Amino acid sequence: RLPVVAANAPAGPRRKVTSGGLEALSPEERPLVASELLPNSDAYWARFDAVMASHGGGEKPSAEQRLRNGQSIWDNTMGESVVRALAAHPGHVVLLVVGRFHVEQGQGTAEQVERR
């Protein structure tokens with residue numbers, strides 16, 4: 001009897017935003033991605049770069065590329081989904097199940113919730 005919210009951006013729309021920005025989405029896809037893409041903190045990207053380097057990642061993307069990459073779209077959309085769920089269910093608790101990287105050190109999705 002609890003409301004369930006799919007908080008993450010689906011793969012198809014996420015790929016479209018990564019390559020073409022929010023304007024690349026159809027009207028039907030638009031509600032599936034955060035209404036505004038806010039940048040993650042420099043500390044978050046430093047942690048991201050360290051993880052990617054440990055996986056043998058190549059050249060680091062620019063800040064603009066980072067804003068549009070899947071990681072940022074995930075954090076923005078999940079953060080906005082949490083805020084929407086809280087607004088739709090005042091006085092309730094929202095439980096978001098994600099990989100720890102998205103909320104570790106209060107960054108990523110956690111930071112996006114706070115910013116909104």
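Residues numbered from 1 in each chain as written. Predicted model: local features only at pLDDT ≥ 70, side-chain atom pairs only at ≥ 80, totals over all residues. Heavy atoms only, no water.

A. Representation of the pattern of salt bridges. According to the stated counting rule, one finds 5 salt bridges in the structure shown. Glu104 is paired through a salt bridge with Arg100; the nearest N and O atoms lie 3.4 Å apart. On the accessibility criterion, Glu104 (27% relative accessible area) is partly exposed. Overlapping salt bridges bring together Arg47, Arg100 and Glu104 as one network. (Salt bridge = Lys/Arg side-chain N within 4 Å of Asp/Glu carboxyl O. Buried < 20%, exposed > 50% of the residue type's maximum accessible area, 1.4 Å probe, protein only.)

B. Up close: helix H2 (residues 42-54). Taking 1.5 Å per residue as the helical rise, H2 with its 13 residues ought to reach 18 Å, and the 18 Å between its terminal C-alpha atoms agrees with that figure. Within H2, burial applies to Tyr44, Trp45, Arg47, Phe48 and Asp49. (Helix = DSSP H or I, 4+ residues; strand = E, 2+ residues; numbered from the N terminus. Expected span 1.5 Å × (residues − 1).)

C. Looking closely at the packing of H2 against helix H4 (residues 70-88). Where H2 contacts H4, the two axes come as close as 12 Å, and the packing angle between them is 135°. Taken together, the axes of H2 and H4 lie oblique to each other. Note on packing geometry: the crossing formed by H2 with H4 is right-handed. Touching Tyr44, Trp45 and Phe48 of H2 are Gln71, Ser72 and Asp75, all from H4. (Axes fitted to C-alpha atoms, helices over the stretch in contact; angles between N-to-C directions. Parallel < 35°, antiparallel > 145°, perpendicular 65-115°, else oblique. Left-handed = near helix turned anticlockwise from the far one by under 90°. Contact = heavy atoms within 4.5 Å.)

D. Expanded view of the side chain of His102. If you trace the backbone, His102 turns up in the loop between H4 and helix H5 (109-115). What makes His102 buried here is its relative accessible area of 11%. Every residue in contact with His102, bar those within four places of it in the chain, is listed here: Tyr44, Gln71, Trp74, Asp75, Met78, Gln107, Gly108, Thr109 and Ala110.

E. A look at the packing of aromatic side chains. Summed over all chains, the structure comprises 4 aromatic pairs. Measuring from centroid to centroid gives 5.2 Å for Tyr44 and Trp45, while their planes differ by 85°, and the two rings are edge-to-face. The exposure classification of Tyr44 matches that of Trp45, with both residues buried. Connected via pairs of aromatic rings, a cluster forms that spans Tyr44, Trp45, Phe48 and Phe101. We note Arg47 situated over the ring of Phe101; from NZ or CZ to the ring centre the distance is 4.0 Å. (Phe/Tyr/Trp six-rings, centres within 6.5 Å; stacked < 30°, edge-to-face > 60°. Lys NZ or Arg CZ within 6 Å of the ring centre and 35° of its normal.)

F. The arrangement of the environment of Asp42 in detail. Along the chain, Asp42 falls in helix H2. Look at Asp42 and you get exposed, because its relative accessible area is 68%. When the C-alpha positions of Asp42 and Thr77 are compared, they lie 19 Å apart, and in sequence the two are 35 residues distant.

G. Geometry of the packing of helix H1 (residues 11-20) against H4. Contact geometry of H1 with H4 gives a least axis separation of 9 Å together with a crossing angle of 120°. On the basis of their axis angle, the class for H1 and H4 is oblique. Seen along the crossing, H1 lies across H4 with a hand that is right-handed. Along the contact surface, H1 presents Arg14, Val17 and Thr18, while H4 presents Gly70, Ile73 and Trp74. A class-by-class count of the residues in the contact of H1 with H4 yields 3 nonpolar, 2 polar and 1 charged. (Nonpolar A, V, L, I, M, F, W, Y, C, P; charged D, E, K, R; others polar.)

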